[in-house]
Amino acid sequence: MTGKEYRTITDVKGPLVFLNKTEPVAFGEIVELRLTDGTLKNGQVLDTSDDQVIVQVFEGTASIDKQTGIKFLGDVFKLPVSTDMIGRILDGAGRPRDGGPAIVADEMADIIGAAINPYSRQSPSSFIQTGISAIDACTSLVRGQKLPIFSASGLPHNDIALQIARQAKLVDSDDDFVVVFCAMGITAEEYNFFVHDLERTGALENACLFVNLADDPAVERLITPRLALTAAEYLAFEHDYHVLVIYTDMTNYCESLRQIGAAREEVPGRRGYPGYMYTDLAMLYERAGLVKGKKGSITQFPILTMPGDDITHPIPDLSGYITEGQIVISRELHQKGIYPPINVLPSLSRLMNAGIGDGKTREDHKSVSDQLYAAYAQGRELRGLVAIVGEDALNERDLQLLKFADIFENQFLRQSRDEDRSIGEGTLDYAWELLTNIDTKYLVRLDQKWIDKYHPTEKKE
Amino acid sequence: MSKENGVIYRISGPVVTAVGISPRMYEVVRVGDEGLMGEVIELHGDQSVIQVYEETSGVRPGEPVVRTGQTLSVQLGPGLLTKIYDGIQRPLPELEKTMGVFITRGVDADGLDLEKIWAFSATAKKGDSVSSGDVLGTVQETKTIEHRVMVPPGISGKIKEIKSGDYNVTQTVCTLEDGTEVQMMQKWPVRTPRPFTKKHAPEVPLQTGQRILDFLFPLAKGGTAGIPGPFGSGKTVTQQQLAKWSDADIVVYIGCGERGNEMTEVLDEFPHLMDPKTGEALMNRTTMIANTSNMPVAAREASVYTGITIAEYFRDMGYDVALMADSTSRWAEAMREISSRLEEMPGEEGYPAYLSSRLAEFYERAGRVETLAGGDGSVSVIGAVSPPGGDISEPVSQGTLRIVKVFWGLDAGLARQRHFPAINWLNSYSLYPPSLDQWYRDNIKSDFPEIRTEISALLQVEAELQEIVQLVGSDALPVDQQLTLEVARMIREFFLQQNAFHDVDTYSDLKLQYTMAKAILSFQEESKKAIAGGAALEDVVNVPARTDLMRGRFESGYEEKIDEMLEAMNKQIADTMEAN
Ligand SMILES: Nc1ncnc2c1ncn2[C@@H]1O[C@H](COP(=O)(O)OP(=O)(O)OP(=O)(O)O)[C@@H](O)[C@H]1O
Ligand SMILES: [Mg+2]
């Protein structure tokens, strides 16, 4: 580990340092930089050849000069992991931030994380009740899923994430979740909000935090989620924990990625983000799931803020292409004063079908959810029409659907921050009750047998 | 071909530069102390540029690079079916055995099980003159698929010895008079199309059981289709539906740079799903390639070639093969990533300038052919495309649409309304109907093409009427146009929508599709009559028997009941006249 110290820097550009005349340096090797004033910085090798080595410096290149000493530590980046991480707050590079002792490693884990063999995966299929009707009914979450929250600045995504973290439970077992929380470039205020809430509810003892704040080094953000996921994998697959990973804000992560790409003068992809951003994000998101023969699981809740509320922006777009659905927060609903302002129409849970139905939630769940969607979608569309032609031009069916859209938003979606609705009575029965506002003949998505069994006024006992 | 040794000069992600060797283009080399597998993709000066199929972190300049003399090839023979491979044909279960659940590196695994014994039954005999592609004998590879052992391309002669019996894939089953020994396993370089005698025009539809596909935008056996769509619009579900229900003999499913869980889902489901044709598990006819988004990009680049070579091999036996690639965009991105590491001049949006020619070459490997042995085989290729932001003006979508003959355009708006499959009926197309129509007339019903035209026309008219409705509301339309809207709604909700996750609705055969389409037209006709006879539109569209007819498609045995239900509906519609 005690390699030679080099003072052969030729160029410094953005977060990158270029040097030459080294002994063979490994791709991905960890680097220690000693500034002339004695400050230490860390970095990682991005490109290596006989003639030149490119190092990405996590803490940024401020104050680095050609006298800076560079030492190659002989290994790729590893995180000391142990179950003692639970209850701890670490910084964006994995060092204690809570004044506590260093983590005594039970194991040193490579943070890049090897891909799970698709053959070794187990399909996620256990329903997680979040107690939030919009999610439980329409975009049901299952254990082992990666389901991001697509939000935008000024919207209450943090409240929703915390409510999920607080309320999430499996209906068929009483296993608890351990939360791994990963902050990337969020403000101190947001961070305090999270920590206070976790403290208030006692969840902090069952959580492990990796924190890189807005004024921490931007490049460090590229490793912070990898540390968090490495910890999560260790807890899940070595110690059988069910881990809920919340990371925020993916948008800051992607900005750092773009910064590195620009410094390397790479050919940029869309809107200046690197062409490999899809693959890079997949290396994070795909670290969710269940594995055959292991009891633990990793469920991911990445939060990202869509620049300009634009869902086609590369960050939400590429995320959506990798994750198993998305929960979309709507500014319009938020402005109407509805919490949680989840727009169920662009939201989706792709693993929903595997996690709901008879024996999991309830036999009518799929039907009810389809019907809610359809009616709400049509109702919302009619709002546009009514704005032009007035309600008089609508037929009976359309009038009912129009009214239903309001009912759906104000009664079904709306709930308080500590309201924990059960899937059966709290959510599905409630949905049936609200659907009585529409004539059954217009409820074409409902199987007759469920109408006969669950419709409050038309059921046949 | 000396096995000279070189050393690594540079490592940049999946791209490694070596000096001290002069390999051939596309030669497989072993990189570094761990012998990682790589392929030479560029030669300049004394440097060989290699794309490495495994993670390169920890590898250093100065480590060895060794030539193998081979180009990137797959092993072909009995044992391909029911398997799941990574992008370079390493069986994933084998990797699990040696590496555990996480894919590490430096492990080799043969594509075929070299030890496994198969019962070979010779169909050619001593003294026969055979040449490339001729069938020497068969092996019952799975319950439903007979594997035809062929003379490998480039070999011909008179059979000196051939014997039925138990062999593994590397044992000689046949010897020719010139001493050439033929084994059940052959190797083929993935980047080279396998030879055939000639291409035929496709004239038989690939039946998929998906109403909107079969009825409105059919794909021919040996044809090509592209499915572009934004995330969450249904590319994967559609591809999986095709893998499940299409009437191909063999299915090759390539998960290229997509989710791990989706492959697991196929692995879990297929052994339990019945092939409607054979009544046996669908897995029996399926080979899967899984190189997920977090697996090395170079192997992702190779995965589509691995898949299509396996598809061609089964085609050469005279089978109809359907290949799905989900998603070709991820393949294109792998090319882009490698290309940018090579510091090549980028074309549009950073993709390499050769993107469109690679796409064309890939889809050109589809087709219905006369095989070398004189048989008839086909490879149909269905590629998903994942355009950024759902905007198909980007290079991969455009490059694909220039080549494929069927365009199934997925629409975010329809998906959001939960109209599935979210295929936009207004902008999708198929260029095959003219060549398939005779088949429909002969095999389904003589007026099948005409009924299709009527249905499409109604959807077109609806789109025009909708524009007016947006301005004035539907009540302002004359009653006949209001009826047209109702008929079109019935087409959408009853016919085009099809729930892939519903046990019954998931599959409709062509005959049922035809009957359902006729039922809609019959509704239109009867309603017109009733309205002319004084009935109110409201009453006509709300007859309970119509709801029954529509809901009936979720019940098994629908094909037996539909005629009766139709009659009931027609009667109730006629009755609405008297009520007035
Ligand atoms: N035919 C269908 N029937 C019912 N549901 C469908 C159908 N097609 C798509 N869906 C729904 O849409 C969801 C998304 O579909 P799918 O995963 O195929 O999207 P995709 O286009 O492959 O997205 P991505 O590009 O992100 O992979 C599914 O999980 C399912 O809920
Ligand atoms: Mg998909």
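Summary of the structure given here. Since the structure is predicted, the reported quantities are computational estimates derived from the model, not experimental observations. (Residues numbered from 1 in each chain as written. Chains lettered and ligands numbered in written order. Predicted model: local features only at pLDDT ≥ 70, side-chain atom pairs only at ≥ 80, totals over all residues. Heavy atoms only, no water.)

The next subject is the site of ligand 1. Taken together, the neighbourhood of ligand 1 is formed by 20 residues, with Gly232, Lys235, Thr236, Val237 and Arg259 of chain B sitting nearest. Around ligand 1, the neighbouring residues derive from chains A and B rather than from a single chain. Between ligand 1 and Gly232 of chain B, the relevant distance is 2.8 Å, taken from an oxygen atom to a main-chain nitrogen or oxygen of the residue. Side-chain polar atom of Lys235 of chain B to an oxygen atom of ligand 1: 2.7 Å apart, as the coordinates give it. About the coverage of ligand 1: the protein hides 94% of its 630 Å² of free accessible area. The element that contributes the greatest number of residues to the shell around ligand 1 is helix α3 (residues 235–245) of chain B, accounting for three residues. Its residues assigned to classes, the shell around ligand 1 comprises nine nonpolar, seven polar and four charged. (Near = heavy atom within 4 Å. Polar contact = N/O pair within 3.5 Å; in protein donor to acceptor, adjacent residues only side chain to side chain. Areas by Shrake-Rupley, 256 points an atom, 1.4 Å probe, with all protein chains shown as cover. Helix = DSSP H or I, 4+ residues; strand = E, 2+ residues; numbered from the N terminus. Nonpolar A, V, L, I, M, F, W, Y, C, P; charged D, E, K, R; others polar.)

Taken together, the contacts link 79 residues of chain A with 75 residues of chain B. Approximately 6300 Å² of surface area, both sides summed, lies buried where chain A meets chain B, with 52% of it carried by carbon and sulfur atoms. Three residues stand out in chain A for area buried against chain B, namely Phe27, Pro118 and Tyr321 of chain A, and they jointly supply 12% of the buried area on that side. Taken together, the links from chain A to chain B amount to two salt bridges. Between Arg10 of chain B and Asp47 of chain A there is a salt bridge, with its nearest N and O atoms 2.6 Å apart. Inspection of the chain A/chain B interface yields 35 residue pairs in polar contact (both at pLDDT 80 or more). Ranked by residue count, the leading element in the side of chain A that touches chain B is helix α10 (residues 365–389) of chain A, at six residues. By residue class, the composition of the side of chain A that touches chain B is 40 nonpolar, 20 polar and 19 charged. Pairing of strand β5 (residues 40–49) of chain A with strand β1 (residues 5–12) of chain B involves two bridges; the strand directions are antiparallel. Bridge pairing links Thr48 of chain A to Ile11 of chain B in β1 of chain B. (Contact = heavy atoms within 4.5 Å. Buried area = accessible area lost by both parts, 1.4 Å probe. Salt bridge = Lys/Arg side-chain N within 4 Å of Asp/Glu carboxyl O. Pairing = 2+ DSSP bridges.)

Attention now goes to empty space enclosed by the protein. Tallied over the full model, the rule gives four cavities of 30 Å³ or more. Of the pockets and cavities examined, the largest cavity occupies roughly 170 Å³. Lining the largest cavity we find 17 residues, and of these Arg270 and Leu318 of chain A together with Glu333, Arg336 and Pro388 of chain B sit closest to its centre. Only α6 (277–285) and α7 (314–320) of chain A together with α6 (328–341) of chain B provide two or more residues apiece to the lining of the largest cavity. With three residues, the single largest contributor to the lining of the largest cavity is α6 of chain B. Partitioned by chemical class, the residues of the lining of the largest cavity number eight nonpolar, four polar and five charged. Within this model, the second largest cavity holds a volume of roughly 80 Å³. What lines the second largest cavity is simply Glu266, Val267, Pro268, Pro274, Gly275 and Tyr276 of chain A together with Arg336, Glu337, Ser340 and Gly350 of chain B. (1 Å grid on protein atoms, 1.4 Å probe; cavity = no way out; pocket = protein on both sides within 12 Å on 5 of 7 lines; lining within 4 Å. Points joined across faces, edges and corners; volume = space filled by probe spheres on them.)

All names here are of chain B. Read from one edge of the open sheet, four strands run β13-β12-β10-β15, paired in antiparallel fashion. Pairing within the sheet leaves two strands with one partner each, and these edge strands are β13 (146–150) and β15 (165–167). Pairwise comparison of adjacent strand axes, ignoring direction, gives a mean angle of 40 degrees for this sheet. The pairing of strand β10 (residues 118–122) with strand β12 (residues 135–140) spans three bridges and is antiparallel. Counted as the bridge partner of Phe120 is Val139 from β12. (Axes fitted to C-alpha atoms, helices over the stretch in contact; angles between N-to-C directions.)

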